[in-house]
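If you want the building blocks of each chain, they are given just below.
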Amino acid sequence: KAQGRNNYQQFTQSMQLKALLHARLVRDLRRAISEQQFCLYYQPIVELSTGKLVKAEALIRWQHPTRGMINPDQFISAAEETGLISEIGDWVFRQAAWQTAEWRKTLSPNFHVSINSSPVQYLDKTSRMSLWLDYLRTLELPQEAVSIEVTEGVLMDKISTAPEKLRALHDAGISISLDDFGTGYSSLAYLKKYAIDFIKIDRSFVQNLTTDSDDLALCEAIIVMAHKLRMKVIAEGIETAEQELILHDAGCDYGQGYLYSEPVAAEAFEKLFPPNH
Ligand code: C2E
Ligand code: MG
Ligand code: MG
Ligand code: MG
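Residues numbered from 1 in each chain as written. Chains lettered and ligands numbered in written order. Predicted model: local features only at pLDDT ≥ 70, side-chain atom pairs only at ≥ 80, totals over all residues. Heavy atoms only, no water.

Going by an unreviewed UniProt entry, the chain carries the name EAL domain-containing protein and comes from Pontibacterium sinense.

Set out below in structure tokens:
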């Protein structure tokens, strides 16, 4: 009995600790926004037929004053629960767009950027996204240079304003990418209903491509289906040349993964471009 109580005490203590840590995280996130502690890393996306670096995915990092560099998995859900993700998402969009406008001048004139978005950003009634389009005009960055990544969850959500917002972005010339494809509901109806331009095959299918013939069959089927629907395919998480070769032979359009580079800071990303690219 004594032990039972002890366990209960430990349980409530750990609950309290969790609540405390969460409150600290939220406070720190608010400060991170006002003190501009976020930065973007960029991971190359390569055209498989030519091996050329043609795009990058922008991935957020948090340079915490005492905890050091923090990855998104550790703070995005707290930012979503508190709604702070809308503000963070606006910053991500502007920063990635600004950087892309720069790189189109200095590195490669057709460079393209892919920007993640959260389901929570589609719950706002006000359209912050029309401000995104205004900002692209200010930068003189063509809408075609930008893609917005959504997960299947965004498309499923009934109360979300995602249909209108994604349609407006798409009509303006921004492309829509379906992230982590195959891990959610993967309802084929959504591929028809939404104007999707790119399907990103989730890393979990790419991982065992060389050993698991079912994963290979799934990748091949996704690629064929996407092409018939006039979509392009990006394979995520390519780590080996073997995986790259298989995907290339299966007709996959683009590849992304540690084989090419991990996500890196902007200065390091510039060095990935050959001189006179
Ligand atoms: P994601 O959008 O699916 O991004 C791909 C993740 O896979 C990145 O993790 C990347 O570093 C990792 N990755 C890329 N290639 C490889 C590989 O070859 N092997 C392995 N093992 N991993 C690879 P990261 O940067 O930690 O981001 C995690 C997730 O956080 C992202 O998944 C995305 O859902 C979210 N996220 C990142 N930035 C943002 C953002 O600005 N806004 C929102 N809303 N979410 C973001
Ligand atoms: Mg993504
Ligand atoms: Mg992904
Ligand atoms: Mg993911």
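There's plenty left to go through after this.
Honestly, the overall build of the chain in this entry has me stumped. Any pointers?
Scanning the chain from terminus to terminus reveals 11 helices and nine strands. In terms of overall dimensions, the chain is globule-like: its C-alpha atoms have a radius of gyration of 20 Å, near the 19 Å expected for 277 residues. Principal axes of the C-alpha set define a box for the chain whose edges measure 65 × 50 × 40 Å. Expressed as a percentage of contacts within the chain between residues at least 6 apart in sequence, the contacts between residues at least 24 apart total 67%. Just so you have it, the chain exposes about 14,700 Å², and 52% of that area is on carbon and sulfur atoms. (Helix = DSSP H or I, 4+ residues; strand = E, 2+ residues; numbered from the N terminus. Rg over C-alpha atoms; globule rule 2.2 N^0.38 Å. Contact = heavy atoms within 4.5 Å. Areas by Shrake-Rupley, 256 points an atom, 1.4 Å probe, with all protein chains shown as cover.)

Before we go on, may I ask you to explain the coordination of the magnesium ion (ligand 3) in this structure?
For a metal bound by four donors in a tetrahedral arrangement, the ideal donor-metal-donor angle is 109.5 degrees, while six donors in an octahedral arrangement ideally sit at 90 or 180 degrees. Taken together, the protein donors to the magnesium ion (ligand 3) comprise D179 (OD), D180 (OD), E236 (OE) and E236 (OE), at separations of 2.1 to 2.5 Å. For the magnesium ion (ligand 3), the donor residues sit on a single chain with the sequence spacing D-D-x55-E. (Donors = N, O, S within 2.8 Å, 3.2 Å for Na, K, Ca; no water.)

Would you mind going over the site of ligand 1 with me for this structure?
Near ligand 1 there are 23 residues, and of these R61, N116, D179, E239 and Y258 occur at the shortest range. Q43 is positioned such that a nitrogen or oxygen atom in its side chain is 3.0 Å from a nitrogen atom of ligand 1. Within the side chain of R203, an N or O atom sits 3.1 Å from a nitrogen atom of ligand 1. When isolated, ligand 1 has an accessible area of 810 Å², and the protein chains bury 85% of it. Within the residue set of the shell around ligand 1, elements represented by two or more residues are β2 (52–64) and β6 (175–181). If one sorts the elements of the shell around ligand 1 by residue count, β2 sits on top with four residues. Taken together, the residues of the shell around ligand 1 sort by class into eight nonpolar, six polar and nine charged. (Near = heavy atom within 4 Å. Polar contact = N/O pair within 3.5 Å; in protein donor to acceptor, adjacent residues only side chain to side chain. Nonpolar A, V, L, I, M, F, W, Y, C, P; charged D, E, K, R; others polar.)

What am I meant to see in the pattern of salt bridges here?
One pass over the full model with this rule turns up seven salt bridges. Salt-bridge contacts for R137 lead to D134; the nearest nitrogen and oxygen are separated by 2.8 Å. Taken together, the positions of R137 and D134, both in helix α4 (residues 129–139) and three residues apart, correspond to about one turn of that helix. The exposure class assigned to R137 is exposed, which follows from its relative accessible area of 51%. The partner of D171 in a salt bridge is R167, with the nearest N and O atoms 3.8 Å apart. Here D171 pairs with R167, and both are found in helix α6 (residues 162–171), just four residues apart, close to one helical turn. A relative accessible area of 40% means that R167 is categorised as partly exposed. (Salt bridge = Lys/Arg side-chain N within 4 Å of Asp/Glu carboxyl O. Buried < 20%, exposed > 50% of the residue type's maximum accessible area, 1.4 Å probe, protein only.)

Got a minute to help me understand α6 in this structure?
Buried residues of α6: A162, K165, L166 and L169, and no others. Looking straight down α6, one finds its buried side chains confined to an arc of 95 degrees; they lie on one side. Tucked into the core, α6 has its buried residues touching α4, β5 (146–150), α5 (152–156) and β6. Just downstream of α6, G173 is the residue with a positive phi angle, here 110 degrees. (Arc of directions from axis to C-beta.)

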